[in-house]
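Tertiary structure, described
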Amino acid sequence: MALLKVKFNQKKRVKLAQGLWLMNWFSVFAGILVFSMGLFLKIELRKRSEVMDNSESHFVPNSLILMGILSCAFNGFAGKICYDSLDPTKFVKWKPLLKPYLALCFFFNILIFFVALICFLMRGSLESTLAHGLKNGMKFYRDTDTPGRCFMKKTIDMLQIEFKCCGNNGFKDWFEIQWISNRYLDFSSKEVKDRIKSNVDGRYLVDGVPFSCCNPSSPRPCIQYQVTNNSAHYSYDYQTEELNLWRRGCREALLHYYTSMMSSMGVVVLLVWLFETVVMVGLRLLHTSLESIANPEDPECESEGWILENSLKDTLKSALESLKKIGKFNQVEADGEGAEGEEGGKTPAITTVS
């Protein structure tokens, strides 16, 4: 028994074709939207590529861009088919292509659904990328005179100001690295010498942070040096002074920014997938209703359209049988080639008569 069998007359077929033509052009605009989202996300990721460890995060925008292009191409082609289906003489040329095209549409919809899921599941990979990238970027903060790294100070400072964050996981991350360049240290000073000697790696470490960690909403001037030394400042307790420095780490801030963006894009892609699925089902009904017309010379006669010619169970069974036949055919061919090789390898026996 056919799955989702529907009866059509000429009027219904025309309405279905017109509706699908309109929906396909809406899908083209949806493809442009998906392409634009991918492009926007790629630009946003490239803006902060210096604080990202690898290029894995670009898989999502690249996928969105590809799906957008394919959506425009597929739906533009389907729109032409639906337009020509209004005229039976024009529709004849599309008949051999419709089944392969619908199969491609099926796999394309699977890909769209896969991309939508990736938009929701990339948080773990993105978190690892940001954690390593920010950690390395902070190490190069002081290298303002090193070619290729001289921009890192500005990048980190602008990042902390824009996202209201400090360090990788928090402001104490700055205590573990030397973020002040040797160029601005007085090595004749006893304090500087003692700090460098007290460190195994010979680095100048301080319990201070860059100015970009300061919260402008703080009612007092920003305390960025001796942050954890309560006695160094009047009426100060670093554990309760929440307004002094940004408490949130930049990894968390960037992760929230990008994941919320990708989640919104994932919702849009899911809606596009639903729309594309409806269009594919409609195109299949149109295809079968036109093919099942009993008398092609009488376009006004009734016909039936369906999604699957047999039930879902029978369709899966026949598909599995077809795959088995293909496997057996390949096995027979391989056995035949092996037998020919063995026969070719045999040498004829030569007998001599004395």
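Data block above holds the structure.
Scope of this entry: the structure provided in the associated data block. Everything numeric here is computed off the predicted structure, so don't read it as measured data.

Quick notes on the rules
Residues numbered from 1 in each chain as written. Predicted model: local features only at pLDDT ≥ 70, side-chain atom pairs only at ≥ 80, totals over all residues. Heavy atoms only, no water. Helix = DSSP H or I, 4+ residues; strand = E, 2+ residues; numbered from the N terminus. Buried < 20%, exposed > 50% of the residue type's maximum accessible area, 1.4 Å probe, protein only. Contact = heavy atoms within 4.5 Å. Core = buried A, V, L, I, M, F, W, Y, C linked by side-chain atoms within 4.5 Å. Phe/Tyr/Trp six-rings, centres within 6.5 Å; stacked < 30°, edge-to-face > 60°.

1. As for the overall build of the chain
For the chain, the count of helices and strands is 9 helices and 2 strands. Seen in sequence order, the chain has helices and strands lined up from the N terminus as β-α-α-α-α-α-α-α-α-β-α. For the chain, the proportion of its 354 residues judged to be buried stands at 40%. At a minimum sequence separation of 6, the contacts of the chain that also span at least 24 residues come to 73%.

2. Considering the nonpolar core
Nonpolar side chains tend toward joint burial in soluble globular proteins. Counting 78 residues, the largest nonpolar core has Leu 41, Val 60, Leu 64, Phe 171, Trp 174, Val 209 and Leu 254 as its most contacted members. If you list the elements that add at least two residues to this core, you get helix 1 (10-47), helix 2 (59-84), helix 4 (95-121), helix 5 (123-139), helix 6 (152-163), helix 7 (190-197) and helix 8 (250-291). When residues in this core are grouped by element, the largest group, 15 residues, is from helix 8.

3. Re the packing of aromatic side chains
The tally for this structure, following the rule as stated, stands at 12 aromatic pairs. Ring geometry for Tyr 257 versus Tyr 258: centroids 5.2 Å apart, planes at 65 degrees, classification edge-to-face. By relative accessible area, Tyr 258 is classed as buried at 0%. Counting every residue linked through ring pairs, the aromatic cluster contains Phe 74, Phe 77, Tyr 101 and Phe 108.

4. Re the environment of Met 261
Tracing the backbone shows Met 261 in helix 8. Judged by relative accessible area, which is 11%, Met 261 ranks as buried. In the structure, Met 261 is positioned 142 residues away from Cys 119 in sequence and 9.0 Å away in space, judged by C-alpha atoms. Once residues lying within four places of it in the same chain are set aside, the contact partners of Met 261 are Phe 40, Leu 41 and Glu 44.

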